Amino acid sequence: MSSDPGNDGFATRAIHVGQEPDPATGAVSVPVYATSTYAQRAVGEPYGAYDYARGGNPTRAALETCLASLEGARHGLAFASGMAAITTLCSLLAPGDHVVLGDDVYGGTYRLFARVLAPLGITFSLADLTDAGATAAALRPETRLVWLETPTNPLLKCADIAALADVAHAHDAALAVDSTFATPYLQRPLLLGADFVVHSTTKYLAGHSDTIGGALCLSDDARHARLAYHRNAVGNVPGPFDCFLTLRGVRTLPVRMRAHGESALEIARFLSSHPAVERVHYPGLPDDPHHAVARKNQASGGAGSPDRAGFGGMVSFVVRGGEAAARRAAESTRLFLLAESLGGVESLIEHPGAMTHASLAGSGVTLDPALLRVSVGLEDVADLIADLDTALREKPVI
């Protein structure tokens with residue numbers, strides 16, 4: 001490695017930044033520091049940077065250092081879940097503040113704003129964030145935050161991060177980007193002007209469906225200090241083993257994302273021509289309305305180009321025949337497991353309206369009841385295509 005890890009390539013940093021061999025043993029994997037507290041030499045004089053594990057842990061610090069490097073950030077904070085990261089970010093808001101959310105937002109995020117933050121006096125409204133004009137029109141004098149998912153969950157809409165950063169900053173608001181679907185390998189929002197980038201590390205960063213976690217990266221020192229203080233005060237920190245598992249996953253992120261993207265593109269092409277499919281949402285398709293913006297955003301990613309990285313492993317599609325046909329297809333797959341979540345090595349299928357986005361009921365946001373979302377795993381793509389084909393051709397029992 002070079003003397004400055006920040007000058008190394010993305011894959012090199014994913015494996016090495018924050019992960020130097022253990023000085024005591026030479027272990028090449030960061031140890032799991034399973035301790036709740038740390039001995040002190042004298043009163044108020046810790047041996048090192050740690051005194052109590054809620055405030056800091058060496059395994060967690062390694063993960064945070066690595067993620068910050070991959071995002072091009074000065075600071076990284078790890079959390080017990082993606083929602084814990086979002087909630088902590090919202091600790092910067094005060095009663096009377098207003099937030100603009102994308103009109104295609106994850107159900108759990110909507111639930112947080114509608115059911116938890118709104119009663120505390122933090123208001124929000126929905127807007128089509130793929131339209132800079134509509135975003136500007138939704139901003140109010142009291143708007144302090146624009147909350148963007150790109151690609152969105154579940155419709156994979158892509159918004160121009162740089163353009164939205166300009167719009168938000170012109171109104172003295174901050175831009176936060178949930179980049180869970182893309183990961184820093186495909187796009188790095190901070191380099192495009194965003195103020196915060198959030199991940200559910202449960203998904204692609206950890207990549208093996210065996211841990212829950214979240215992360216928040218930023219470069220503003222004062223905001224970082226406030227967020228770190230809030231996390232310590234509230235205590236929504238991840239355990240050291242969860243951090244270890246996530247860091248293990250990050251090491252293979254580039255090769256996994258390339259494989260996910262290659263297979264997802266093949267599946268999107270297959271679904272686009274399938275007689276049982278009405279519409280496909282995937283920004284990797286050249287005729288997708290968000291293809292050009294996705295390419296622009298991804299020019300910032302660690303891969304350097306979508307031609308090298310693909311467009312991610314998530315595909316959504318509408319099944320002909322309505323909700324009953326969609327549910328029947330989702331319940332008929334063999335390799336695509338019917339389950340919530342995404343980003344693991346195994347392929348998953350779900351019905352957003354009844355599963356991950358059920359919280360949107362009554363919100364004014366409507367999803368096509370025949371919409372299905374798939375997380376394309378690392379199985380042989382021919383097997384995955386055959387599985388979907390069989391499920392889509394399943395006939396109702398009479």
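Notes on the structure in this doc start here. (Residues numbered from 1 in each chain as written. Predicted model: local features only at pLDDT ≥ 70, side-chain atom pairs only at ≥ 80, totals over all residues. Heavy atoms only, no water.)

Below, the discussion takes up the sheet that holds strand β5 (residues 123-127). Through backbone hydrogen bonds, the strands of a sheet pair up, either in parallel or in antiparallel fashion. Spatial ordering of the open sheet is given by β3-β9-β8-β7-β6-β4-β5, a layout of seven strands whose pairing is mixed. In this open sheet, the two strands that pair with only one neighbour each are β3 (75-79) and β5. In this sheet, adjacent strand axes meet at a mean angle of 20 degrees when their direction is disregarded. Of the strand pairs in this sheet, β3 and strand β9 (residues 214-218) are connected by five bridges, and their pairing is antiparallel. Its bridge partner lying in β9, glycine 76 is registered against cysteine 217. Lying on the sheet, helix α4 (residues 107-117) is in contact with β4 (98-102), β5 and β6 (143-149); it crosses β5 at an angle near 140 degrees. Sitting on the sheet, helix α8 (residues 221-234) touches β3, β7 (174-178), β8 (196-199) and β9, and the angle it makes with β3 is about 20 degrees. (Pairing = 2+ DSSP bridges. Helix = DSSP H or I, 4+ residues; strand = E, 2+ residues; numbered from the N terminus. Axes fitted to C-alpha atoms, helices over the stretch in contact; angles between N-to-C directions. Contact = heavy atoms within 4.5 Å.)

With 63 residues, the main nonpolar core has Trp147, Phe196, Ile267, Leu271, Val280, Val315 and Phe317 as its most contacted residues. Residues in contact with isoleucine 267, not counting those within four places in the same chain, are Phe336, Val376, Val381, Leu384, Ile385 and Leu388. Listed in part, the 31 residues of the second largest apolar core include Val30, Leu156, Tyr204 and Leu342. (Core = buried A, V, L, I, M, F, W, Y, C linked by side-chain atoms within 4.5 Å. Buried < 20%, exposed > 50% of the residue type's maximum accessible area, 1.4 Å probe, protein only.)

This part is about the pattern of salt bridges. Following the criterion strictly, the structure yields 15 salt bridges and no others. Residue lysine 157 pairs with aspartate 128 through a salt bridge whose shortest N-O separation is 3.8 Å. Within this pair, whereas lysine 157 is found in the loop between β6 and α6 (161-170), its partner aspartate 128 is found in the loop between β5 and α5 (132-138), the two being separated by 29 residues in sequence. We classify aspartate 128 as partly exposed; its relative accessible area is 27%. As a salt-bridge pair, arginine 295 and aspartate 307 come within 3.3 Å of each other at their nearest N and O atoms. Taken together, the positions of arginine 295 in helix α11 (residues 291-298) and aspartate 307 in helix α12 (residues 306-309) put the pair 12 residues apart, joining distant regions of the chain. Owing to a relative accessible area of 62%, aspartate 307 belongs among the exposed residues under this scheme. (Salt bridge = Lys/Arg side-chain N within 4 Å of Asp/Glu carboxyl O.)

On to the sheet that holds strand β12 (residues 337-338), then. Spatial ordering of the open sheet is given by β10-β11-β14-β13-β12, a layout of five strands whose pairing is mixed. Edge positions in the sheet fall to β10 (277-281) and β12, since each of these pairs with one other strand and no more. In this structure, β12 lies alongside strand β13 (residues 348-350), joined through two bridges in parallel fashion. Along β13, the bridge assignment pairs leucine 337 with leucine 348.

Attention now moves to the packing of aromatic side chains. Counted by the stated rule, this structure contains five aromatic pairs. Residues phenylalanine 241 and phenylalanine 244 carry aromatic rings whose centres are separated by 6.0 Å and whose planes lie at 15 degrees to one another, so their mutual orientation is stacked. A residue pair is termed a helical-turn pair when its members lie 3 or 4 positions apart in one helix, as phenylalanine 241 and phenylalanine 244 do in helix α9 (residues 240-250) at three residues. Owing to a relative accessible area of 24%, phenylalanine 244 belongs among the partly exposed residues under this scheme. (Phe/Tyr/Trp six-rings, centres within 6.5 Å; stacked < 30°, edge-to-face > 60°.)

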